[in-house]
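Coordinate analysis (summary)
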Amino acid sequence: MTAPVVVLVGPPGAGKSTVGRLLAERLGVTFRDTDADIEETAGKPIPEIFVDEGEPHFRELEVAAVAAAASGHPGVLSLGGGAVMADQTRALLRELPVVFLEVALGDAVKRVGLDAPRPLLAINPRARWRELMEARRPLYLEVATAVVDTEGRSPEQVADAVLEALELKA
């Protein structure tokens, strides 16, 4: 088993992909995003998976993608915002160095806009984002080795904070 050196979790707009790429570069490892893995497997974008096959099918693909990446990717791994909802995924993450990138709604809006093609935020995005965070925040905290607040920080500063929190040398 080849485990990731860092796993990033958090809601949309937390900066998982941006910070993940920076971390991978600094650590001299590769970056992998399970959302990209799912799209490659399905042969279509995530919003289309939601529309064509529904959220339960997407979540099945997500569990499989996280399991494959968690046991076969020795670099930095970024998970989709809802990946922590699955019991199997949380069980896997308990054994890994996981960082929860915490983000305030205002920052998330600035980073991704809430009109982006995110299926779970399509209707009343601000209220829905708050609901998702209410449900997911305890799960992010459950799996987190460390929590890094992204508020007011550049991606470079967040990457520095992740390295410091996990005591990793770039």
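Residues numbered from 1 in each chain as written. Predicted model: local features only at pLDDT ≥ 70, side-chain atom pairs only at ≥ 80, totals over all residues. Heavy atoms only, no water.

1. Comments concerning the overall build of the protein chain
A count of helical and extended segments in the protein chain gives 8 helices and 5 strands. Mapped from its N terminus to its C terminus, the protein chain presents α and β elements in the order β-α-β-α-α-α-β-α-β-α-α-β-α. Expressed as a percentage of contacts within the protein chain between residues at least 6 apart in sequence, the contacts between residues at least 24 apart total 73%. (Helix = DSSP H or I, 4+ residues; strand = E, 2+ residues; numbered from the N terminus. Contact = heavy atoms within 4.5 Å.)

2. Regarding the packing of helix H1 (residues 16-27) against helix H8 (residues 155-165)
Closest axis-to-axis distance for the H1/H8 pair is 9 Å, and the angle between their directions is 60 degrees. Taken together, the axis directions place H1 and H8 in an arrangement best described as oblique. Taken as a pair, H1 and H8 cross one another with a handedness that is right-handed. Contacts from Thr18, Val19, Leu22, Leu23, Arg26 and Leu27 in H1 reach Pro155, Glu156, Val158, Ala159, Asp160, Val162 and Leu163 in H8. Here the contact of H1 with H8 is built from residues that sort into 9 nonpolar, 1 polar and 3 charged. (Axes fitted to C-alpha atoms, helices over the stretch in contact; angles between N-to-C directions. Parallel < 35°, antiparallel > 145°, perpendicular 65-115°, else oblique. Left-handed = near helix turned anticlockwise from the far one by under 90°. Nonpolar A, V, L, I, M, F, W, Y, C, P; charged D, E, K, R; others polar.)

3. A few points about helix H4 (residues 55-72)
With 18 residues, H4 should reach 26 Å at 1.5 Å per residue; the first-to-last C-alpha distance of 25 Å fits that figure. Residues of H4 that are buried include every one of Phe58, Arg59, Leu61, Glu62, Ala65, Val66, Ala69 and Ala70, and no others. Taken around the axis of H4, the buried residues stretch over an arc of 160 degrees, which confines them to a single face. Turned more than 90 degrees away from the buried face of H4 sit Pro56 and Glu60, all of them exposed. (Expected span 1.5 Å × (residues − 1). Buried < 20%, exposed > 50% of the residue type's maximum accessible area, 1.4 Å probe, protein only. Arc of directions from axis to C-beta.)

4. Focus: unusual backbone geometry
Not every positive phi belongs to a glycine, and glutamate 167 is a case in point at roughly 55 degrees. Here glutamate 167 lies in the segment after H8. Residue glutamate 167 is classed as exposed on the basis of its relative accessible area, which comes to 70%.

5. Examining the sheet that holds strand E1 (residues 6-9)
Sheets are built from strands paired through backbone hydrogen bonds, the pairs being either parallel or antiparallel. Across the sheet, 5 strands lie side by side as E2-E3-E1-E4-E5; this open sheet has parallel pairing. Each having just a single partner strand, strand E2 (31-33) and strand E5 (146-149) make up the two edges of the open sheet. The mean angle between the axes of side-by-side strands here comes to 25 degrees, regardless of whether they run parallel or antiparallel. Bridge count between E1 and strand E3 (residues 76-78): 3 bridges; the pairing is parallel. When the bridges of E3 are listed, valine 7 appears paired with leucine 77. (Pairing = 2+ DSSP bridges.)

6. Focus on the pairing of E5
Here E5 shows a clear split, with Ala146 and Val148 buried on one side and none of Val147 and Asp149 buried on the other. As paired elements, strand E4 (residues 98-102) and E5 share 4 bridges and run parallel to each other. Across the sheet, residue phenylalanine 100 finds its bridge partner in E5, namely valine 147.

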